[in-house]
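# Survey of secondary and tertiary structure
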Amino acid sequence: MAHKTYSIFGAGGAGLYTAWRLLDGKPSSKSEQAKQLAKGDTLELYDWGKYDFSAEHPGTRAAGARVCTWHYQNDKNNSYLELGGMRYSDWDGNDDAQSGGHRLVTTVIEQLGLKKYSVPFNESTNPLFYLRTKNMYLNDITLQC
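## Here we look at helix 1 (residues 13–24)
The terminal C-alpha atoms of helix 1, which comprises 12 residues, lie 16 Å apart, in line with the 16 Å expected from a rise of 1.5 Å per residue. Looking at the buried positions of helix 1, the neighbouring elements they touch are strand 1 (5–9), strand 2 (42–46) and helix 3 (103–111).

If you want it as structure tokens, here you go:
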């Protein structure tokens, strides 16, 4: 049987998750088993780009490296932007209709032992929106019926 080469273009969150599933997934049927990597198969990850965030911390081409926190004027006490990363709501593990959060993302983070690197995001009850070239806070928006 010929060996297969699997190529994943984009080694961000989705690409790395796909690679992990190909390497660690447990097929439940014959058709799924044919899609799993076998001994001798090759898995290639491709990511490209130069991400210059500051002179002190230049860009990198490593897999998953687009995730970056940029602070205004490089001061950690100032406002910040998350670049390339996904915000997710932590799932509390309950299987009821009331539980919120991203079940898949939370589960994968825990299975890979990455929970210790997870950083909570500051949230506001009055978030800032940008709509049709205007900035406005939620409290500034009124509904007219």
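## Description of the side chain of glutamine 36
Within the fold, glutamine 36 resides in the loop between helix 2 (30–33) and strand 2. Its relative accessible area of 18% is what places glutamine 36 among the buried residues. With near-sequence residues (within four places) excluded, glutamine 36 lies in contact with Tyr6, Arg21, Leu22, Gly25, Pro27 and Asp41.

## With respect to helix 3
Residues Thr106, Val108 and Ile109 constitute the buried set of helix 3. Along the axis of helix 3, the buried residues cluster in a sector spanning 165°; they form a single face. Within helix 3, the exposed residues directed more than 90 degrees away from the buried face are Leu104 and Gln111. Glycine 113 sits one or two residues past helix 3 and shows a positive phi near 70°.

Parameters at a glance
Residues numbered from 1 in each chain as written. Predicted model: local features only at pLDDT ≥ 70, side-chain atom pairs only at ≥ 80, totals over all residues. Heavy atoms only, no water. Helix = DSSP H or I, 4+ residues; strand = E, 2+ residues; numbered from the N terminus. Expected span 1.5 Å × (residues − 1). Contact = heavy atoms within 4.5 Å. Buried < 20%, exposed > 50% of the residue type's maximum accessible area, 1.4 Å probe, protein only. Arc of directions from axis to C-beta.

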